[in-house]
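Residues per chain, in single letters:
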Amino acid sequence: MKRVKSESFSSRRFKLSHFLLGLAGFYLIFLALKFPHLVNMVATLSGDTELDGKVMDMDNADLSRPLVRSFHRGLDDEENFNGPSMPVADEKSTSKRVNPPEFRYGRITGEIMRHRNRTLHMSPIERMADEAWTLGSKAWEDVDKFDVSDIEESSLSEGNDKSCPSYISMTGQELDKTEGIMFLPCGLTASSSITIIGTPQYAHKESLPQVSRLKRGDGTVMVSQFMVELQGLNIVDGEDPPKIFHLNPRIGGDWSHKPVIEHNTCYRMQWGAAQRCDGIPSKNDVDMLVDGYQRCEKWMRNDMVDSKESKTNSWFKRFIGREQKPEVTWSFPFSEGRLFVLTLRAGIDGFHINVGGRHVSSFPYRLGFTLEDATGLAIKGDVDVHSAYATSLPTSHPSFSPHKALEFSPDWKAPPLPRSPFRLFIGVLSATNHFAERMAVRKTWMQHSAIKSSDVVARFFVALNPRSEVNAMLKREAEYFGDIVILPFMDHYELVVLKTIAICEFGVQNVTVPYIMKCDDDNFVRLEPILKEIDGVPPGKPLYMGNLNLRHRPLRTGKWAVTWEEWPENVYPPYANGPGYIISRNVAEYIISQNSKQKLRLFKMEDVSMGMWVEQFNASRTVQYTHSWKFCQYGCTLNYYTAHYQSPRQMMCLWEKLSRGRVQCCNFR
């Protein structure tokens, strides 16, 4: 019996080996038939694709040429003012085509973009970059068609009664057509007021995952709330408009389970400290008053005993015969299904909110915002608006054109790039229409003696805008000040990582510097302590310095959600917050090398991308990770190195304090 089993087993193994040999033979035949296609695909992904009868040898390209044309005085004039390399006519074709970028961003090369199956092996961010390069090429073609003088003439003209009316009114139906936005072309001024007549809607169910996770019922809550916002519609393109004043009455659905009115501001998508009025009156201290009004008035609450006196004190006063002053109490000013008349008035020190003729709350103005910036009124949420009126508006036009923000003075021009080595290169990320932000940087920390002596060099890195007139003004600004590197792709929030790569390339290929710093144009930089920090690092030691985050987890829900396809790991690598960090030259050289080899992984969050690249470099050569809270992520702190979310007005304030030897913040109150 054992012999029969052995023969049966040997027979089965013999048949299996024949089957595997047959399968291998079939696979070899398949490879032979498909081999030319595979070679073509591999060549495409490596950048050695034959197109239009020519072989593009990107690996042997001249890597000494800059990524884009930059505007620097002291360089060749033809290179300075022709701008980025853009579409040119092909010698063998009468039609125009887009030349591939001089350097590759990951797999973003002109050859792959033009391949007929180009989207097959591309990630979403790479497809977005592909479109941005194409649109940027077309946008740069249109720049020379614009006459900058025409832009100036239209912007210099003062407003009239039609462009700057003294009052504006809209019905509820008109507001519905504009998605709840009323345009205030000339902003507000002191004594301007806005009156809104509406009816809060009845509460509706909303599902909150955090409630269900806490096992409180089925995860649904009853919500009724709306918002009234003054927005700066004319200030920033491509970002959420700043919320100069945010008023949020919450009739139901607040985490406190009580009616609440919340006030706040939001600058560059960063919220300030909220002021919440919940029925408890605010203090009557002089410092807490706004134009003599309390910040929060009292209204009736069924869960609160009179805060002024206890029941014992009240009984004792009645016993001794002391006169009791009657106190008038009010209910919460908003109720579901009940009409309200809300008036928002701009005072000397802040905004004042009245409902039904009674003062409800006041909110002090915060630094960085002006009433002229409030060019839009937004009303959204669970409310039926019947009408809205804006009265006592300014009748003169505060121009928002670039020439008003730019001061064409030789005092603000950048020195030419030094030919000799220097200590630090700073790449400042900016947007096309951030004219005021760039001007504030030029007039403040870019006036530091280290920059004026070319011991430190700073340059703005700006991509293109969909509006041709804005790009034309940007080009003129770049030509005059000599401190802007224009990147020939259409700007997008999720493509900031491309600007970071451009900073690394510029710092490696155009200058000789041991350290490269990246920051934003709303970041105020103190150079003395930063230079002192990098001087303490051993020469040649790889460095990654900033406000480091360890084991941060991606957000999977909400506005800033990251999908599992975008980031499949549970945690991010150690990374420095994006507003300001420093890397050594050898780290930047590694990034450029990996980029040229098409091995650089792109991610829409540029600070996380940098952390990922540094982690890869650290695997072969130890990097010194240096953490400091003084690279402030939110606002400004004592003895800061950098202060983030600083408006142009705050920049000037910080510079003035530094000039007096005081390291003090000019934060929002």
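What you are looking at is a predicted structure, and each value in this text was computed from that prediction instead of being measured.

### A short note on the overall build of the chain
Right, so step 1: The number of helices and strands found in the chain is 17 helices and 28 strands.
Right, so step 2: Across the 669 residues in the chain, those meeting the buried criterion constitute 48%.
Right, so step 3: Restricting to contacts in the chain with at least 6 residues of sequence separation, those with at least 24 account for 71%.
Right, so step 4: On the chain, roughly 34000 Å² of surface is accessible, and the fraction owed to carbon and sulfur atoms is 55%.

### Thoughts on unusual backbone geometry
Right, so step 1: Phi at serine 191 takes a positive value of approximately 85 degrees, unusual for a residue other than glycine.
Right, so step 2: Examined against the element boundaries, serine 191 turns out to sit in the loop between strand S7 (181–183) and strand S8 (193–200).
Right, so step 3: According to the relative accessible area criterion, serine 191 is partly exposed, its value standing at 46%.

### Regarding the state of the cysteines
Right, so step 1: Counted by the stated rule, this structure contains 4 disulfides.
Right, so step 2: Left unpaired, cysteine 632 is separated from the closest cysteine sulfur, that of cysteine 636, by 5.8 Å.

### Some remarks on the sheet that holds S8
Right, so step 1: With antiparallel pairing, the 6 strands of this open sheet are ordered in space as S6-S19-S8-S15-S16-S17. Only two strands of the sheet have a single partner each, and these edge strands are strand S6 (168–171) and strand S17 (358–364). Direction aside, the axes of adjacent strands within the sheet are offset by 15 degrees on average.
Right, so step 2: Here S8 pairs with strand S15 (residues 340–346) via 6 bridges, running antiparallel. The residue of S15 that forms the bridge with isoleucine 194 is leucine 344.

### Things to note about the confidence of the model for the chain
Right, so step 1: In this model, the chain carries a mean pLDDT of 78, and residues with pLDDT of at least 70 account for 71%.
Right, so step 2: For residues 39–120, every residue scores under 50 in pLDDT, and the model assigns this stretch 172 contacts once sequence neighbours within four places are set aside.
Right, so step 3: Ignoring residues within four places in sequence, the model shows residues 153–161, a span with pLDDT below 50, making 9 contacts including any to other chains.

### Some points on the pattern of salt bridges
Right, so step 1: The full count for this structure, using the stated rule, is 20 salt bridges.
Right, so step 2: Among the ionic pairs, aspartate 455 bridges to arginine 423, the shortest N-O distance being 3.0 Å. With aspartate 455 in the loop between helix H11 (449–452) and strand S21 (456–464) and arginine 423 in the loop between helix H9 (402–405) and strand S20 (424–430), this pair connects stretches of sequence that are 32 residues apart.
Right, so step 3: For aspartate 455, a relative accessible area of 24% corresponds to the partly exposed category.
Right, so step 4: Residue classification places arginine 423 among the partly exposed positions, given a relative accessible area of 28%.
Right, so step 5: Note that aspartate 491 is salt-bridged to lysine 499, the shortest N-O span being 3.1 Å.
Right, so step 6: Judged by relative accessible area, which is 24%, aspartate 491 ranks as partly exposed.

### With respect to the packing of aromatic side chains
Right, so step 1: Tallying each qualifying case throughout the model produces 25 aromatic pairs.
Right, so step 2: Ring geometry for phenylalanine 408 versus phenylalanine 481: centroids 5.6 Å apart, planes at 20 degrees, classification stacked. Here the residue phenylalanine 408 occupies a position in the loop between H9 and S20, and phenylalanine 481 occupies one in helix H12 (residues 468–481), the gap between them amounting to 73 residues.
Right, so step 3: By way of ring pairs, the aromatic residues Phe226, Trp299, Phe332, Phe334 and Phe340 are connected into one cluster.
Right, so step 4: We note arginine 442 situated over the ring of phenylalanine 481; from NZ or CZ to the ring centre the distance is 4.0 Å.

### Here's the deal with the side chain of asparagine 547
Right, so step 1: Inspection of the secondary structure puts asparagine 547 in strand S25 (residues 543–549).
Right, so step 2: Owing to a relative accessible area of 4%, asparagine 547 belongs among the buried residues under this scheme.
Right, so step 3: For asparagine 547, the side chain forms a polar contact with the main-chain oxygen of phenylalanine 631, separated by 3.1 Å.
Right, so step 4: Beyond its immediate chain neighbours, meaning those up to four positions away, asparagine 547 contacts Tyr575, Ala576, Asn577, His627, Ser628, Trp629, Phe631 and Gln633.

How each quantity is defined
Along every chain, residues carry numbers that run from 1 in the direction the sequence is written. Side-chain atom pairs in this predicted model are given and counted only at pLDDT of 80 or more, local residue features only at pLDDT of at least 70, and totals for whole chains, interfaces and linings cover all residues. Hydrogen atoms and water are omitted, and side-chain values are computed over all heavy atoms in the structure. Secondary structure is summarised from DSSP: a helix means a run of H or I of at least four residues, a strand means a run of E of at least two, and numbering begins at the N terminus for each. For every residue, the accessible area (1.4 Å probe, protein chains only) is compared with the maximum for its type, and the residue is labelled buried under 20%, exposed over 50%, or partly exposed between those bounds. What makes two residues a contact is simply this: any of their non-hydrogen atoms within 4.5 Å. Computed with a 1.4 Å probe, the accessible areas rest on the Shrake-Rupley method; for each residue, only the protein chains presented here act as cover. Counting rule for disulfides: a pair of cysteine sulfur atoms within 2.5 Å. Two strands are counted as paired when DSSP detects at least two bridges linking them. To get an axis, a line is fitted to the C-alpha atoms, and for a helix only the part in contact is used. The angle between two axes follows their N-to-C directions and goes from 0 to 180 degrees. A residue's pLDDT is the predictor's confidence in that residue, given on a scale from 0 to 100. Think of a salt bridge as a Lys or Arg side-chain nitrogen and an Asp or Glu carboxyl oxygen that are within 4 Å of each other. Two rings from Phe, Tyr or Trp (for Trp, the six-membered ring) form a pair when their centres sit within 6.5 Å of each other. Planes less than 30 degrees apart are called stacked, planes more than 60 degrees apart edge-to-face, and all others tilted. Criterion for a charge above a ring: Lys NZ or Arg CZ within 6 Å of the ring centre, and within 35 degrees of the ring normal. Pairs of N or O atoms within 3.5 Å make up the polar contacts considered here, provided that, within protein, one atom can donate a hydrogen while the other can accept it, and that residues adjacent in sequence are counted only when both atoms are side-chain atoms.

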